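The residues making up each chain are set out below.
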Amino acid sequence: MKNLARNFILLAAGLFLFSHCNNSSVIGGEILPPGDNVNVLFMDTISISSCVITGDTVRVYDPDFRNQLNVYLAGRTDDPDFGEATSEIYKQYRLATTNPNFESTEFDSLVLSMAYALDGHVGNVDEPQTYYVHRLIEDMDNTETYFSNQTFMTGTQIGSIENFIPRVEPTDSVLVDTTLQLPQLRIRLDDALGMEFMEDPSMNDSLLSSTSMFLDGFKGVRISPDPSNTAMLLFDFTVPETKMTLHYTFVETVRVWDENLMDSVDVEQRTPRLFNFIINSQSAKTMHFQHDYTGSIAKEFFDKTIDRPDSLVYLQAMEGVEAQVTFPYAERLDDIIVNKAELILTVADTSNIEKFPLAPQLVVLEDGDDNDKVLIVDVIASFNVAGSGSESFNVFGGQPEMFTESGGIFYRYNLNISGHFQDIVDGVVGNSIYITIFPKEETADHVILGGGVNQNFGMKLNLTYTEL
């Protein structure tokens, strides 16, 4: 999980949700003393209701480099559970240097490359995919904040790669100009664009004479998937392999000694060279997400108003669906101190886990100001205790765990919401929480969980508390 602090800021400030709820269950009241201390009690039959809620836009670019994303998505997936999801990338390049010397040179090629992320790719990654590159004709502004519904006008297509099978494994390194590099998508762009870049840099209107001139003449590119694509690929924008490279040859005549002629002769010498256009923290780069749930199973659980014994909740990254979970009678638990409140969520469907691995991290939000959703105190506290490394969520939980029961293999997520549930009981906050995948803007994961009254995979709150 990369740059967790930045993603906390994005989640806390950038998520807006709208809900339609269903699936209330009947309140229970079994209280079991776990030991000799009769004041320490246990309850696991607290009423839970759940519903599927539609997602909203997420922030995909921030001018502050500390809040910028590391991973960008491009592709398309379509499956019976979640319908169709697509993502396209918009990005601007910057000059590595200005005023390169193209005297006595010949153009060779212009190549766009994007390094694959180490993991996170979903869908039919082993099937042929196709991508297109279009030139932008609308400016991107690196001082603006962009959300996932933002698009930019494009002009002509300047490149494509068709029917290729992605090689995304870390072992699939590629040899580029005698150098072994990270696995990457490489798309050759139109020669005319490369030759446009190689115009005499001494001219006042040369694209490579300054960064401002370059961005004015070449505003950037859009990378979009073909409608037939079946995978969502993730790309790492923090590594040097993600760039655009102009390959050219320096041609010169040199005087060399010819042993056969026993005399000096003129020989043409050709030296390969390159000029890089880079992506850095000053480059605006965004994604445009789209979801279409038409005909999907997830859509059947929108707008439900009656309880269902097969209740399910669907969680999806990008702008995808989320879950609202409510504890309708929690305020009846008067005069208690919550020792621990652990929400247990069981995965209800693993049939497509090879193509769509279980979401690696869930987090919980609550209602904030101005219809925003913010992280609950338990998530923030877990991060503050554990730091920004791989153990950041150890206190809170939220990762999939495998368990066996009745000879079968199942998965569940355990979410520690103790502090927030105390606030619910005390009437400090409302009795609803929101569950989402983290980080939504940098993943394409999804998961199907049992709902509040699901007979086989129902949600459960394990509450240990002390009576006052």
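Before reading further, recall that the structure is shown in the block above.
This report concerns the structure included in the present document. (Residues numbered from 1 in each chain as written. Predicted model: local features only at pLDDT ≥ 70, side-chain atom pairs only at ≥ 80, totals over all residues. Heavy atoms only, no water.)

**As for the overall build of the protein**
- For the protein, the count of helices and strands is 5 helices and 30 strands.
- Looking at the protein as a whole, 53% of its 468 residues qualify as buried.
- Put simply, the protein shows about 20,800 Å² of open surface, and 48% of that area lies on carbon and sulfur atoms. (Helix = DSSP H or I, 4+ residues; strand = E, 2+ residues; numbered from the N terminus. Buried < 20%, exposed > 50% of the residue type's maximum accessible area, 1.4 Å probe, protein only. Areas by Shrake-Rupley, 256 points an atom, 1.4 Å probe, with all protein chains shown as cover.)

**A word on the pattern of salt bridges**
- Applying the stated criterion across every chain yields a total of 10 salt bridges.
- For Arg270, the salt bridge is made with Glu106, and the minimal N-O distance between the two is 2.6 Å. Remark: Glu106 occurs in strand β8 (residues 105-116) and Arg270 occurs in strand β19 (residues 263-278); sequence separation between them is 164 residues.
- The residue Asp191 makes a salt bridge to Arg188 at a minimum N-O spacing of 3.0 Å.
- Take Arg188: its relative accessible area is 46%, and that puts it in the partly exposed class. (Salt bridge = Lys/Arg side-chain N within 4 Å of Asp/Glu carboxyl O.)

**Looking at the packing of aromatic side chains**
- By the definition in use, this model includes 20 aromatic pairs.
- Relative to Phe277, the ring of Phe275 has its centre 5.1 Å away and its plane inclined at 75°; by these criteria the two rings are edge-to-face.
- What makes Phe275 buried here is its relative accessible area of 5%.
- Overall, Phe277 belongs to the buried group, its relative accessible area being 0%.
- Between Phe410 and Phe457, the aromatic rings sit 6.3 Å apart at their centres with planes inclined by 55°, giving tilted as the arrangement. Placement of Phe410 in strand β27 (residues 408-416) and of Phe457 in the loop between β29 (446-450) and β30 (460-467) is noted, with a sequence separation of 47 residues between them.
- The exposure class of Phe410 is partly exposed, given its relative accessible area of 27%.
- By the ring-pair criterion, three or more aromatic residues cluster together here, those being Phe197, Phe214, Phe218, Phe275 and Phe277.
- The cationic tip of Lys373 hangs over the ring face of Tyr434; the distance from NZ or CZ to the ring centre is 4.7 Å. (Phe/Tyr/Trp six-rings, centres within 6.5 Å; stacked < 30°, edge-to-face > 60°. Lys NZ or Arg CZ within 6 Å of the ring centre and 35° of its normal.)

**Describing the environment of Ser283**
- With respect to the secondary-structure elements, Ser283 resides in the loop between β19 and β20 (285-292).
- Classification of Ser283 as buried rests on a relative accessible area of 0%.
- In sequence terms Ser283 and Pro63 are 220 residues apart; their C-alpha atoms lie 9.0 Å from each other.
- Beyond its immediate stretch of four places on either side in the chain, Ser283 contacts Tyr61, Gln92, Arg94 and Ile278. (Contact = heavy atoms within 4.5 Å.)

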